[in-house]
Amino acid sequence: MFANAMQLADPVWLKREPLRTMWYQHSQPPGFNALSSLLLATGRERVAAAILFHLLGATLVVGVLLLSRRLGLTTRWSVVLASIVCLRPDVLLYEHWYFYTFIEAWILVAVLAVLATIGRSAPIIRLAPAALGIASLAAMHALFGVVWVAGLGALLSWRFGWRRTMALVGPAMLLLGAITAKNWVLFDQAAISSWQGTNLSRITTYQLSEAERRRLVRDRSLTESALLSSWSKNWDDPLLDQPAGETGPSATVDVLDQTRKPTGGELNYNNRRYLPSYENDLDDALWVIRHRPTVWLHAVWQAWGVYFK
């Protein structure tokens, strides 16, 4: 995972220049890379990761059991809930554990456990651990974006009131705003992750047939990126003769300039040359949502079907 995970910068870069690498990474928020950098800094990252895995796994099971009992469930239903949450591949299979979904599940349970023990009129300072947990989720994965944090705030306001709710979700909102502003200034991408369009294109643009995509490109409804996914573009391939353009900061930094990661040789999708392609993907995906909404909704329906399968 350290060498091959697309969400992570390369271990060489994280060891050598962790802060600079995370600052110039536009593809993901910094939390998962920050955690990886701390493990790498120990010099024995495999041992440190193993200890962390077992510690998080054990406390996740206990945490779900105690939390569900705190919320009034019987022991039987608490065991059922703990089984649903904890008997999952990213928790049980050690060789695949180091992924942010497992760590996020642990953080979510910890946040809920704190909130379940706090009274409605508790001093604001007692909300700090939960506020830190919510902010760490926002830093870990682009899924926990502004909409998710705002929705959480709306739910929490029923219990804690608006003043305490703002203390809970305010740090996460500030962090999301800071990351968005950083990416906007440095990369002209006002987003938590520059991959938003490329991920969205999977259930929009690439649900159209190739013939229809070619026709829409000729009509200039879609960009030429609709013919070749950003995930398929390898910028160190001499056969792919496309200019990089002036994208990203002028300062030389490995996480932007290198086409491949040094450790595993995987493609570096944080390379500056991908930025225009990511922007085209977003434009194309939004066009399909506006003009072919049934295509998009059908793909969403299929995705949910796969999930529940």
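As the structure is a computational prediction, the values presented were derived from the model and not from experiment. (Residues numbered from 1 in each chain as written. Predicted model: local features only at pLDDT ≥ 70, side-chain atom pairs only at ≥ 80, totals over all residues. Heavy atoms only, no water.)

A.B. asks: How should the overall build of the protein be read in this particular structure?
C.D. replies: Broken down by element type, the protein carries 14 helices and zero strands. Each helix and strand of the protein, ordered N terminal to C terminal, gives the series α-α-α-α-α-α-α-α-α-α-α-α-α-α. Relative to a compact globule of 309 residues, whose C-alpha radius of gyration would be 19 Å, the protein shows 21 Å and is just as compact. Its C-alpha atoms give the protein principal-axis dimensions of about 60 × 50 × 40 Å. Expressed as a percentage of its 309 residues, the buried residues of the protein come to 43%. Look at the contacts in the protein between residues 6 or more apart in sequence, and 67% of them connect residues 24 or more apart. (Helix = DSSP H or I, 4+ residues; strand = E, 2+ residues; numbered from the N terminus. Rg over C-alpha atoms; globule rule 2.2 N^0.38 Å. Buried < 20%, exposed > 50% of the residue type's maximum accessible area, 1.4 Å probe, protein only. Contact = heavy atoms within 4.5 Å.)

A.B. asks: Looking at this model, I keep getting lost on unusual backbone geometry. Mind explaining?
C.D. replies: Although it is not a glycine, Asp-188 sits at a positive phi angle of roughly 60°. Looking at the element boundaries, Asp-188 is found in the loop between α9 (146-187) and α10 (196-201). The phi torsion at Arg-220 lies on the positive side, around 65°, for a residue other than glycine. In this structure, Arg-220 sits in the loop between α11 (210-218) and α12 (254-257). We classify Arg-220 as exposed; its relative accessible area is 76%.

A.B. asks: I'm lost on the nonpolar core in this one. Help?
C.D. replies: Here is a general trend for soluble globular proteins: nonpolar side chains tend to be buried in one another's company. Judged by nonpolar contacts, the single largest core of 54 residues is most densely connected at Tyr-98, Ile-103 and Leu-168. Contributing elements (two or more residues each) for this core: α1 (11-16), α3 (31-41), α4 (45-70), α5 (75-86), α7 (100-116), α8 (128-140), α9 and α12. Sort the elements by how many residues they give to this core and α9 lands first, with ten residues. The contacts of Tyr-98, once residues within four sequence positions are left out, are Met-1, Phe-2, Leu-8, Phe-32, Leu-35, Ser-36, Leu-39 and Ile-103. (Core = buried A, V, L, I, M, F, W, Y, C linked by side-chain atoms within 4.5 Å.)

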